[in-house]
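# Structural overview for review
Chain by chain, the residues:
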Amino acid sequence: MRVIVLASGSAGNASWFEAAGTSVLVDAGIAPRALEAKLATAGARLPDAIVVTHAHQDHVGQSLRLARRLKIPIYASEATARTEALHGRDEVKVFSAREPFAIGALTIAPMPLPHDAAQVALVVEGGGHRAAIVTDLGEVPPGLAAHLAGCELVLIESNHDAELLQNGHYPAFLKRRIASARGHLSNAQAHALLRALPVEAHTVVLMHLSKSNNRPELALESAQDALSGRRVRLLAATQDACLALDAAPAEAWPPLAGARGRAAQLSLFG
Ligand SMILES: [Zn+2]
Ligand SMILES: [Zn+2]
C-alpha cells in the first residue's frame, strides 16, 4: 500500500492511499490543479474516489470541484453529507460513521472523533496492508487505539504545543476552541496516543501542525519520546508536504533514541 501526504494543515489537507489497483484521496482541501501536479510528480495516478473526513473547508473545500473534474464520487458520513457543503449533490455517496465500507479493492473503517464538526478517523485496508489517518480531534476517544490495531502506517494529528497556544496571539475564543475537547490534538495528547500504537506500526507522520502554535521540532521531540526504543520512522508533515510512504517498506527502521538522545534518526520534510 502506497500513501502520499499531499498537504497537511489549516490551509488545506489531502492524502492519497493506493493498494491492489484502487486509489482514494482522503480530504480535498487543495486546488485540483495543484493536487494533480503533486500526484504526477510523485508518480501516482489520479484517485478513483474522494473520502472526506468532515465538512471543514480545509478538508472538503475543493472536493466538489475535484470530483466533477475527475468524474469521481465523494464519500461522506451521513452527518457530513447533510452539511451545506455537500447536501443534495449527485457526487456524494454516504457511509455510516461506524461501519466499514468498500471502495474497489480497499476497505475503509471509520470511527467517530470528537471535533466541532462530525469527524471520523479512517483505517484504510488493501493488498494485505493497513494504514490510518487520524486528524481534527479534540481528545483521544476511548477505543481509538484499538481501532488502529494492525495499522502499519499511521498519520496522526499533533496540532499544537499547549504553551505556545496559550502564549500566542490568537484571540481567547479561538484558543479555547482549539484546546477544547472538540478542537485539535496537542503534542502532549498525541504523545499519549502514540504510546498506545499497535506493534505493527513502523511509520508515523505527525499531521495538521499549526504554523502559529507549534514547531515541527517540538512535535517531533514529543513523539520521539513517546516512541522511544521502537523501530519507527517518524516524520512531520508540513502544509505543502509531499511525503511518499509505503505500508510495506523494503527496510526496517533502526530503534528511535529517547527524545534527549541524538536526533539524527529524525527526518523532517517539506
Ligand atoms: Zn482541519
Ligand atoms: Zn476540522
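The text that follows walks through the structure, step by step, so that each part is easy to find. None of these values were measured; they are calculated from a predicted model.

## Quick notes on the coordination of the zinc ion (ligand 1)
Around the zinc ion (ligand 1), the protein supplies Asp58 (OD), His59 (NE2), Asp136 (OD) and His208 (NE2) as donor atoms, at distances of 2.1 to 2.3 Å. One can describe the donor arrangement at the zinc ion (ligand 1) as irregular, given that its four donor atoms subtend angles of 92 to 164 degrees at the metal. For the zinc ion (ligand 1), the donor residues sit on a single chain with the sequence spacing D-H-x76-D-x71-H. Here the zinc ion (ligand 1) and the zinc ion (ligand 2) are spaced 3.5 Å apart, linked through Asp136, which binds each one. Of the two residues, His59 is situated in helix H2 (residues 57-60) and Asp136 in the loop between strand S10 (129-134) and helix H5 (144-147); the sequence distance between them amounts to 77 residues. By relative accessible area, which is 1% here, Asp136 ends up buried.

## Looking at the packing of helix H1 (residues 32-41) against helix H3 (residues 63-70)
Two elements in contact, H1 and H3, have axes whose closest approach is 10 Å; the angle formed by their N-to-C orientations is 65 degrees. Judged by residue contacts, Pro32, Arg33, Leu35 and Glu36 of H1 engage Arg65, Leu66, Arg69 and Leu70 from H3. Of the residues belonging to the contact of H1 with H3, the class tally is four nonpolar, no polar and four charged.

Thresholds applied
Residues numbered from 1 in each chain as written. Chains lettered and ligands numbered in written order. Predicted model: local features only at pLDDT ≥ 70, side-chain atom pairs only at ≥ 80, totals over all residues. Heavy atoms only, no water. Donors = N, O, S within 2.8 Å, 3.2 Å for Na, K, Ca; no water. Tetrahedral: all angles 85-135°; square planar, octahedral: opposite > 155°, others 65-115°. Helix = DSSP H or I, 4+ residues; strand = E, 2+ residues; numbered from the N terminus. Buried < 20%, exposed > 50% of the residue type's maximum accessible area, 1.4 Å probe, protein only. Axes fitted to C-alpha atoms, helices over the stretch in contact; angles between N-to-C directions. Contact = heavy atoms within 4.5 Å. Nonpolar A, V, L, I, M, F, W, Y, C, P; charged D, E, K, R; others polar.

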